[in-house]
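Residue-level structure breakdown
Single-letter residue listing:
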Amino acid sequence: MDIRIVVDDASSRYSFNDGESILMAVQKLFPQQKRSIVAARIGGLLVDLTTIPTRADDIQLVSTASSDGLEILRHSTSHIMAEAIKELYPDAKLAIGPSIDTGFYYDIDMSKTLSPDDLAAIEQKMHEITERSEHFTRQDKPIAEAIEFFKERGDQYKVEILSEIPATTVSLYTQGSFTDLCRGPHIPSTSYLKHFKLLSIAGAYWRGDEKNKMLQRIYGTAFPSKEELVGFVTAREEAAKRDHRKLGQQLDLFSIQEQAGAGLVFWHPKGAIVRKEIEDFWRAEHIKRGYEFVYTPHIANLELWKTSGHWGFYQQYMYSPLQVDEDQYMLKPMNCPFHILIYKSQVRSYRDLPLRWAELGTVYRYEKSGVLHGLLRVRGFTQDDAHLFVRPDQLNDEVKGVLDFTRHMIETFGFTKYNIYLSTRPEHSVGTDEGWQMATEALRVALEEMHLVYTVDPGEGVFYGPKIDVKLVDAIGREWQGPTVQVDFNLPERFDVTYIGENGKEHRPIMLHRVVLGSMERFFGTLIEQYAGAFPLWLAPVQVEVVPITDVQEEYAKAITARLVECGIRAKVDIRREKMQAKIRDAEMQKVPYIAVIGAKEAAVDSVAVRMRHEGDQGVVAVDQFVERLLEEIKSKVIFA
RNA sequence: GCCGACGUAGCUCAGCUGGUAGAGCGGUUGAUUUGUAAUCAACUGGUCACCCGUUCAAUUCGGGUCGUCGGCUCCA
């Protein structure tokens with residue numbers, strides 16, 4: 001049979017003999033790259049290379065250079081790891097072992113608790129298996145037979161999975177003595193696997209449900225080449241250096257103290273400067289966009305939280321009540337009810353809307369101890385919150401306004417790594433289907449009209465309404481929810497929020513909850529990682545470090561520093577009895593954007609020798625010119641100077 | 001909260017099988033007056049996270065608590 005074989009952009013024809021598999025053809029056609037071609041695609045379907053073509057459809061070869069190929073390699077690696085584990089620990093029961101973005105994992109239930117040392121032994125066993133060149137063979141079985149097969153082996157998890165598969169037949173893959181339930185395809189032989197590494201052990205609930213048993217999960221990765229594997233490991237080490245927790249300490253930005261409690265943030269002077277810059281900018285942008293500011297208390301009567309529904313729907317995140325005289329008061333987990341109270345303090349006309357009220361509102365939420373994470377998940381944090389009270393006819397424009405605002409913030413702060421999601425109605429929620437549908441549609445339309453790329457995140461909305469989330473990505477690729485817009489038709493209902501319409505009758509406004517940064521803590525955390533601590537000039541805690549070469553220039557250096565400070569520049573002078581090299585080193589390590597070196601030459605002509613962070617010596621510049629340049633850079637919020 | 005690992009000077013870390021601790025950096029003092037990433041020296045610094053137990057003796061062994069880290073589950 002004569003079939004066209006496609007590789008990347010090229011194609012050639014090959015005439016298959018009876019019973020000749022794709023693998024045999026590949027070995028003849030591409031002997032030099034036989035281990036990089038791992039599967040094939042026929043009519044859109046991925047198949048094993050051992051497949052014997054039955055029709056004259058085009059065959060597209062899949063190599064490990066493609067994402068499909070890499071996934072197959074990694075998935076096969078997880079099977080090989082499972083085989084190794086079964087050999088070492090025969091009582092191990094396997095659950096699931098998929099490939100993921102960074103590699104693969106396998107969830108295992110076994111009596112022995114694995115330690116990091118055991119990973120080396122498993123890896124060793126895997127190398128043995130790859131040297132044995134075991135073939136992966138596929139077998140299609142009626143589902144009942146497959147269930148019987150796994151039942152006999154005591155593989156209860158496989159049986160459970162099978163019992164929920166609707167198909168009548170399933171495929172099993174065997175290599176060596178190991179057989180697993182799997183859709184495939186797989187690499188033809190274990191010898192294809194050369195470059196892999198087991199990374200870590202973690203706990204994971206069976207089927208991701210915390211009511212189920214916790215299994216042991218082993219994470220690992222595999223790559224087509226040694227260089228790529230080494231590159232992956234180095235990239236992880238590099239990413240760890242950007243970790244905001246590490247930089248927070250090195251740059252003296254913030255701390256979280258055991259003595260005070262987990263998840264409670266202390267902003268040190270340098271971190272506080274960055275926060276103040278962010279806040280100043282934030283306020284100025286709000287004024288430009290027609291917002292007003294409000295301030296509200298940190299605690300309020302429990303009755304208020306019952307009215308708002310938080311007591312019913314959000315109690316697990318709220319701290320225990322405080323007894324105040326005869327009443328119970330709650331620390332606020334959200335700001336919304338307070339803004340509503342301000343709204344309700346007088347009768348509102350349709351002419352007053354939209355009302356946009358913003359507050360840097362500090363809230364406290366009980367987060368489970370295991371989820372706390374530096375600045376990115378804490379128990380007390382300040383939301384850059386705002387609530388918009390809008391008429392139905394204003395909803396679309398207002399959502400778009402918020403999205404535009406968010407985009408402006410993200411761009412100004414130079415974020416390049418983020419994803420947008422549209423989250424729909426969750427299981428636990430209030431309101432009518434029509435309400436949810438209308439609100440979700442409003443968000444979707446706004447996203448489309450703004451030409452924003454987004455993903456629908458089903459069931460991830462808040463109990464009171466759907467939302468659009470912007471998730472910022474941290475140094476090692478984890479997503480953290482930042483900016484969000486949420487439509488709420490529930491609270492206005494519960495608090496009986498109204499405005500008087502043109503017809504003189506009461507109408508219900510729609511409420512929008514939104515943050516354009518997320519929270520000051522989380523935003524700062526991701527910002528630190530974004531810049532690896534090297535903030536752009538406008539945000540840098542110290543903008544200029546003035547370094548006199550000897551103490552002869554000390555007075556001049558102090559005068560220059562005072563002049564810079566006078567111009568609104570955050571300048572510091574280093575008058576320690578250290579060599580200039582040591583001062584420069586320290587300033588570089590503190591990631592100060594500019595170092596102004598002053599020796600006898602500079603002092604004589606009212607100038608400084610400018611050194612830029614990461615760039616080195618920039619030559620001598622007159623002080624006035626230097627100031628002008630700095631002010632311009634600060635004003636324009638240049639991201640990469 | 002769950003699974004696992006970890007918790008020694010301000011920081012980074014050493015301390016074999018139990019006999020109350022060390023280094024470098026930092027800080028202080030002194031000397032050095034220096035041209036773009038660490039000048040030299042002396043001094044300083046720790047109820048070994050906390051509590052209970054085993055032991056003649058615990059930083060070291062066991063249990064618990066708190067915290068941190070990697071995941072899971074859950075969220076700004």
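Above this text is the structure in question.
Residues numbered from 1 in each chain as written. Chains lettered and ligands numbered in written order. Predicted model: local features only at pLDDT ≥ 70, side-chain atom pairs only at ≥ 80, totals over all residues. Heavy atoms only, no water.

**Points about the packing of helix α8 (residues 269-288) against helix α12 (residues 395-412)**
For the pair α8 and α12, the least separation of the axes is 12 Å and the interaxial angle reads 150°. The way α8 lies across α12 gives a crossing that is right-handed. Judged by residue contacts, F281, W282, E285 and H286 of α8 engage F405, H408, M409 and T412 from α12. Grouping the amino acids of the contact of α8 with α12 by side-chain chemistry returns four nonpolar, three polar and one charged. (Axes fitted to C-alpha atoms, helices over the stretch in contact; angles between N-to-C directions. Helix = DSSP H or I, 4+ residues; strand = E, 2+ residues; numbered from the N terminus. Left-handed = near helix turned anticlockwise from the far one by under 90°. Contact = heavy atoms within 4.5 Å. Nonpolar A, V, L, I, M, F, W, Y, C, P; charged D, E, K, R; others polar.)

**As for the protein's contact with RNA strand B**
Around RNA strand B, a shell composed of 60 residues is seen, among which Y317, S369, R377, Q481 and E602 lie nearest. Restricting attention to atoms of RNA strand B within 4 Å of the protein, one finds that 52% of them are sugar or phosphate atoms. One of the backbone N or O atoms of G370 is found 3.1 Å from a base nitrogen in RNA strand B. R522 has a polar side-chain atom sitting 3.0 Å from a base oxygen of RNA strand B. Taken together, the elements giving at least two residues each to the surface near RNA strand B come down to β12 (195-205), β13 (214-223), α7 (244-250), β25 (479-488), β28 (510-519), α17 (580-589), α18 (600-604) and β32 (607-612). A total of seven residues in the surface near RNA strand B trace back to one element, the largest contributor, which is α17. Residue composition of the surface near RNA strand B, grouped by class: 22 nonpolar, 16 polar and 22 charged. (Near = heavy atom within 4 Å. Polar contact = N/O pair within 3.5 Å; in protein donor to acceptor, adjacent residues only side chain to side chain.)

**Here's the deal with the pattern of salt bridges**
Summed over all chains, the structure comprises 52 salt bridges. In this structure, the salt-bridge partner of R13 is D2, at a minimum N-O distance of 3.0 Å. You can see R13 sitting in strand β2 (residues 10-15) and its partner D2 sitting in strand β1 (residues 2-7), a full eleven residues away along the chain. K288 is paired through a salt bridge with E285; the nearest N and O atoms lie 2.9 Å apart. Of this pair, K288 and E285 both sit in helix α8, three residues apart, roughly one helical turn. (Salt bridge = Lys/Arg side-chain N within 4 Å of Asp/Glu carboxyl O.)

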